[in-house]
Amino acid sequence: MERGMSVYQKVLLAADGSDHARRASGHAVKLLKNVPDGHLDVIYIIDKDQSKSDVLHYGNKEIIQMKRREQLEDLESDLKEAGISYEVHIEHGEPGPTIVSFANSGAYDCLVIGSRGLNQLQTMVLGSVSHKVVKRVQCPVLVVK
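Residues numbered from 1 in each chain as written. Predicted model: local features only at pLDDT ≥ 70, side-chain atom pairs only at ≥ 80, totals over all residues. Heavy atoms only, no water.

Identification of the chain as Nucleotide-binding universal stress protein, UspA family from Marinococcus luteus is taken from an unreviewed UniProt entry. As stated in UniProt under Sequence similarities (unreviewed entry), the record for the chain gives "Belongs to the universal stress protein A family." (UniProt positions renumbered as here; feature names shortened; annotations may be inferred.)

Now the structure itself:
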């Protein structure tokens, strides 16, 4: 393999709109930039508490979906700018198990995840999700501090 070539072509990024997830997305972009057949799948998890909170706050399903997509706008523009092929997957469930299940069913070369994320109260969750994911995902995991 040529020096500087990435061994990762199919990467999964766990995104939640937090600063940690934004830093993780920067690393995912670095992993795949200039990789000819590289592809990034972005998984955004909506848990029950977030879902209830969104319904109470916004009411309308279209507005809720628009707000969720807004959280990924910066990431999507970075990916387009870098010329990286990507697809966004919005999944419902508990973040840890949902990420693990998605990652293990997708034959990924690497999963990129922030060391912390946001819970439904928009407060920092000390790495419980990333810890669970690292223990149970079958592919290499890059945890970004």
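Caption draft 1: The arrangement of the environment of Ile113 in detail. With respect to the helices and strands, the residue Ile113 is situated in strand E4 (residues 110–114). The sequence separation of Ile113 and Ser25 amounts to 88 residues, and the corresponding C-alpha distance is 8.1 Å. Apart from the residues lying within four places of it in its own chain, the contact partners of Ile113 are Ala14, Ala24, Ile99, Val129, Ser130, Val133, Val141, Leu142, Val143 and Val144. (Helix = DSSP H or I, 4+ residues; strand = E, 2+ residues; numbered from the N terminus. Contact = heavy atoms within 4.5 Å.)

Caption draft 2: Fine view of the state of the cysteines. In total, this model carries zero disulfides according to the counting rule given. Free cysteine: Cys139, not disulfide-bonded; nearest cysteine sulfur from Cys110 at 6.3 Å. Residue class for Cys139 comes out buried when judged on its relative accessible area of 13%. (Disulfide = S-S within 2.5 Å. Buried < 20%, exposed > 50% of the residue type's maximum accessible area, 1.4 Å probe, protein only.)

Caption draft 3: Geometry of the packing of aromatic side chains. On inspection of all chains with the given rule, the structure shows one aromatic pair. Residues Phe102 and Tyr108 carry aromatic rings whose centres are separated by 6.4 Å and whose planes lie at 20° to one another, so their mutual orientation is stacked. For the pair shown, Phe102 and Tyr108 are each scored as buried. Sitting over the ring of Tyr108, Lys10 keeps its end group 4.8 Å from the ring centre. (Phe/Tyr/Trp six-rings, centres within 6.5 Å; stacked < 30°, edge-to-face > 60°. Lys NZ or Arg CZ within 6 Å of the ring centre and 35° of its normal.)

Caption draft 4: Representation of unusual backbone geometry. With a phi angle near 70°, Asn34 is a residue other than glycine that sits in the positive phi range. Accessibility expressed as a relative area gives 70% for Asn34, which makes it exposed. Phi at Ala107 takes a positive value of approximately 50°, unusual for a residue other than glycine. In this fold, Ala107 is placed in the loop between helix H5 (95–104) and E4. Residue classification places Ala107 among the exposed positions, given a relative accessible area of 63%.

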